[in-house]
Amino acid sequence: MEKAVEIGRQTSSRRMHILIAAFAAALMALALFWGNAGTVYAAGGLELSTDYPGMTITPGETLNLTLNLTNTSGSSLDAEVEIASLPEGWEGYLQGGSYEVSRVHVGSDGASLTLHLTVPDSLEEGTYNVVVNASVNEEIQDSLTLSFQVNEVNAGEGSFTTEYPEQEGTSGTTFSFSTTLINNGLSAQSYSLSSNAPSGWQVSFIPSDETASVAGIDVESSTSQGLTVEVVPPQNVEAGEYDISCSAVSASETLTTDLKVVITGTYGISLSTPDGRVSFDAHANDDSKVTLNITNTGNVDLQNVSLNSSLPSGWTVTYNVEDNVIESVPAGSTVEVIATVTPGSDAITGDYVATFTAETDEASSSVEFRVSVKTSTVWGLVAVLIILCVVGGLVYVFRKYGRR
């Protein structure tokens, strides 16, 4: 009987040891499981967002967008982040702090990233998408799609254009080009206006509906400004083609429009005398001849050169050409004309001014003469004879009646 009791005690003790060993094994297994499984997350997840997921852009822009990571799991997370999709030609990366990152620690207060994007200089009108992913595992992840719109208004930089960029004319012509300056930016811009015209040329920028020229102008966003570009070549410009580039420069862009002026000829005329003298003597009511040289100093023949004068009252002048008009003066040549000047009969001795002018529709030249009117020699002799007669008469009277 005692032996049976002892056997029972041994059996119970063995069972107890087995139970203890099994419990210890279960604890070890559970510890191993927890150690290998990592952190156990409560219900919830990860949300990736931005304040402006859709926007309109222009080609060539550099974008810096803030992305927000929100953690609703109840525990801190280490999330993998990446730009999953970029349009062709675009460049981008994710920044955290001062570094480019691929993993972000997201606590209960969330975290933020900066998405840097470089947009190509040339883009067609349309919508472009960028996709950013954030994930911890298959259950905890999120994706954000950003849409960028490029439309006709914002497709590229502004413009500075003219409908008719080439004009031609003679020297002395003022050329007027109608141009349009367009600001395609998202804010108003102040443009400085300038040109690279050759030395001696004058270029002015005049806003539409105004008369004064300006050196700069403000243009509101997505609006246009009309400008008249006035180009004045120097008087002695040679025939040929001249390229003039005009610029409108703002803080963000430089716009240009190219103009061309074609000078078809240079008109010039000079009025002078063969010996260079611009004075002559004359007598009242008597003809005095003056030789005038009309020279074509341009490179285009002058037609219908008219001769005019400004003389003292009562004076007359005639020329040895019909109707006081020279039909043609070839380029570089000189035509000689005789002017016959007749002072008025009441002209007294002294100096007078007479002005002669040769002019066409394109050019003119004037010269001022000093005319010295002198007493006629005949009248001088007559005066001398009269004086002699008077003196002789007085002598005779004194001799005949002086002793009485």
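What counts and what doesn't
- Each chain has its residues counted from 1, running along the sequence as written.
- This being a predicted model, a pLDDT of at least 70 is required before a residue's local features are given, and a value of 80 or more before pairs of side-chain atoms are given or counted; all residues contribute to the totals for chains, interfaces and linings.
- The side-chain values count all of the structure's non-hydrogen atoms but skip hydrogen atoms and water molecules.
- Between any two strands, at least two bridges found by DSSP are needed for them to pair.
- Labels follow the DSSP assignment, with helices taken as runs of H or I lasting at least four residues and strands as runs of E lasting at least two, numbered in each case from the N terminus.
- Fitted lines through C-alpha atoms serve as axes, helices being fitted only where they are in contact, and the angles separating the N-to-C directions of these axes extend from 0 to 180 degrees.
- Only heavy atoms matter for contacts: two residues are in contact if any of them lie within 4.5 Å across the pair.
- Salt bridge, as used here, is a side-chain nitrogen of Lys or Arg placed within 4 Å of a carboxyl oxygen of Asp or Glu.
- Under the scheme applied here, a residue whose accessible area is under 20% of the maximum for its type counts as buried, over 50% as exposed, and between as partly exposed, the area being computed with a 1.4 Å probe on protein chains only.
- Any two of the Phe, Tyr and Trp rings considered here, Trp counted by its six-membered ring, make a pair once their centres fall within 6.5 Å; the pair's planes then place it as stacked at under 30 degrees, edge-to-face at over 60, or tilted in between.
- Polar contacts here mean pairs of N or O atoms no more than 3.5 Å apart (in protein, one a potential hydrogen donor and the other a potential acceptor; neighbouring residues in sequence count only if both atoms are side-chain atoms).
- The definition of a nonpolar core used throughout is a set of buried Ala, Val, Leu, Ile, Met, Phe, Trp, Tyr and Cys residues joined through side-chain atoms within 4.5 Å.
- Each residue carries a pLDDT score, the predictor's confidence in it, ranging from 0 to 100.
- Two distance rules govern patches: like charges are joined within 9 Å, and nonpolar side chains (Val, Leu, Ile, Met, Phe, Trp, Tyr) within 5 Å, applied only to residues with over 30% relative accessible area and no salt bridge.
- Using a 1.4 Å probe, the Shrake-Rupley method yields the accessible areas, and only the shown protein chains count as cover for residues.

- Where an unreviewed UniProt entry is consulted, the chain appears under the name Alpha-galactosidase NEW3 domain-containing protein, with the organism given as Candidatus Eisenbergiella merdavium.

1. Some details on the sheet that holds strand β4 (residues 77–85)
Line of reasoning, step 1. The sheet built from 5 strands is open, its strands ordered β2-β10-β9-β4-β7 with mixed pairing. The two strands at the open ends of the sheet, each matched to only one other strand, are β2 (54–56) and β7 (103–106). Taking the axes of each pair of neighbouring strands and ignoring which way they run, one obtains an average angle of 25° across the sheet.

2. Quick notes on the environment of G60
Line of reasoning, step 1. Residue position: G60 is located in the loop between β2 and β3 (62–71).
Line of reasoning, step 2. Sequence-wise, G60 and D121 are 61 residues apart; in three dimensions their C-alpha atoms are separated by 4.0 Å.
Line of reasoning, step 3. Those residues in contact with G60 that lie beyond four places of it in its chain are V119, P120 and D121.

3. Remarks on the sheet that holds strand β18 (residues 240–249)
Remark on secondary structure: sheet strands pair via backbone hydrogen bonds, oriented parallel or antiparallel.
Line of reasoning, step 1. What the 5 strands build is an open sheet, ordered β12-β19-β18-β14-β16; its pairing is mixed. Looking at strand neighbours, the two that pair on one side only are β12 (166–169) and β16 (216–219), the edges of this open sheet. Within the sheet, the average angular offset between the axes of one strand and its neighbour, ignoring direction, is 25°.
Line of reasoning, step 2. Bridge count for strand β14 (residues 189–195) against β18 is 4 bridges, and the pairing is antiparallel.

4. Overview of the pairing of β4
Line of reasoning, step 1. Where β4 meets β7, 4 bridges bridge the pair, whose relative direction is antiparallel. The partner of E80 across the bridge, within β7, is R103.
Line of reasoning, step 2. Here β4 pairs with strand β9 (residues 126–135) via 5 bridges, running antiparallel. What sits directly across from E80, in β9, is S135.

5. With respect to the pattern of salt bridges
Line of reasoning, step 1. Inspection of the entire model under this criterion finds 4 salt bridges.
Line of reasoning, step 2. The salt bridge partner of E80 is R103, with a shortest N-O separation of 2.4 Å. Linking E80 in strand β4 with R103 in strand β7, this pair joins segments that are 23 residues apart in sequence.
Line of reasoning, step 3. Judged by its relative accessible area of 52%, R103 falls in the exposed class.

6. Observations regarding the packing of aromatic side chains
Line of reasoning, step 1. One pass over the full model with this rule turns up 6 aromatic pairs.
Line of reasoning, step 2. Seen in terms of ring centroids, W201 and Y242 are 4.9 Å apart; in terms of plane orientation they differ by 45°. Their pairing is tilted. In this pair, W201 is assigned in the loop between β14 and β15 (202–207) and Y242 in strand β18, connecting sequence segments 41 residues apart.
Line of reasoning, step 3. Its relative accessible area of 10% is what places W201 among the buried residues.
Line of reasoning, step 4. Among the aromatic residues, those joined into a ring-pair cluster are W90, Y128 and F148.

7. As for the environment of V130
Line of reasoning, step 1. Position of V130 among the secondary structure elements: in strand β9.
Line of reasoning, step 2. Overall, V130 belongs to the buried group, its relative accessible area being 0%.
Line of reasoning, step 3. In this structure, the C-alpha to C-alpha distance between V130 and L144, residues 14 residues apart in sequence, is 8.3 Å.
Line of reasoning, step 4. Discounting chain neighbours no more than four positions away, the residues touching V130 are I83, S85, L86, P87, W90, L115, L117, L144, T145, L146 and F148.

8. Here we look at the side chain of N183
Line of reasoning, step 1. Residue position: N183 is located in strand β13 (residues 175–183).
Line of reasoning, step 2. One polar contact links the side chain of N183 to the main-chain carbonyl oxygen of V219, over a distance of 3.0 Å.
Line of reasoning, step 3. In contact with N183, other than residues within four places in its own chain, are A188, Q189, Y191, V219, E220, S221, S222 and T223.

9. Description of the nonpolar core
Line of reasoning, step 1. Ranked by internal contacts, the top residues of the largest apolar core, which has 29 residues, are L46, L67, L69, W90, L115 and F148.
Line of reasoning, step 2. Looking at this core, the elements that each hand over two or more residues are β1 (46–49), β3, β4, β7, β8 (111–118), β9 and β10 (141–150).
Line of reasoning, step 3. L302, L307, A354 and A363 belong to the second largest nonpolar core, which has 28 residues in total.

10. Topic: the side chain of S245
Line of reasoning, step 1. Among the structural elements, S245 can be located in strand β18.
Line of reasoning, step 2. Here D258 takes part through its side chain, which lies 3.1 Å from a polar atom of the side chain of S245.
Line of reasoning, step 3. Here S245 is in contact with S194, S195, N196, T256, T257 and D258, once residues within four sequence places are set aside.

11. Details of the confidence of the model for the chain
The predicted coordinates should not be examined in detail at positions where pLDDT is low.
Line of reasoning, step 1. Of all residues in the chain, 85% attain a pLDDT of 70 or more, and the chain-wide mean is 85.
Line of reasoning, step 2. Highest mean pLDDT in the chain belongs to β15 (97); lowest belongs to helix α1 (residues 2–37) (50).
Line of reasoning, step 3. Here residues 29–43 is modelled with pLDDT under 50, and outside its nearest four sequence neighbours on either side it reaches 11 contacts, counting other chains as well.

12. With respect to a nonpolar patch on the surface
Line of reasoning, step 1. A surface patch of nonpolar side chains, amounting to about 420 Å² of accessible area, comprises I386, V390, L394 and F398.
Line of reasoning, step 2. Within the secondary structure layout, V390 lies in helix α2 (residues 377–401).

13. Here's the deal with unusual backbone geometry
Line of reasoning, step 1. Despite not being glycine, S222 has its phi angle at roughly 60°, a positive value.
Line of reasoning, step 2. S222 gets classed as partly exposed once you look at its relative accessible area, which sits at 41%.
Line of reasoning, step 3. Within the chain, N324 stands out as a residue other than glycine whose phi angle is a positive 60°.
Line of reasoning, step 4. Checked against the element boundaries, N324 lands in the loop between β24 (316–319) and β25 (325–329).

14. Structural notes on the environment of S192
Line of reasoning, step 1. With respect to the helices and strands, the residue S192 is situated in strand β14.
Line of reasoning, step 2. On a C-alpha basis, the gap between S192 and A215 in space is 6.2 Å, while along the polypeptide they are 23 residues apart.

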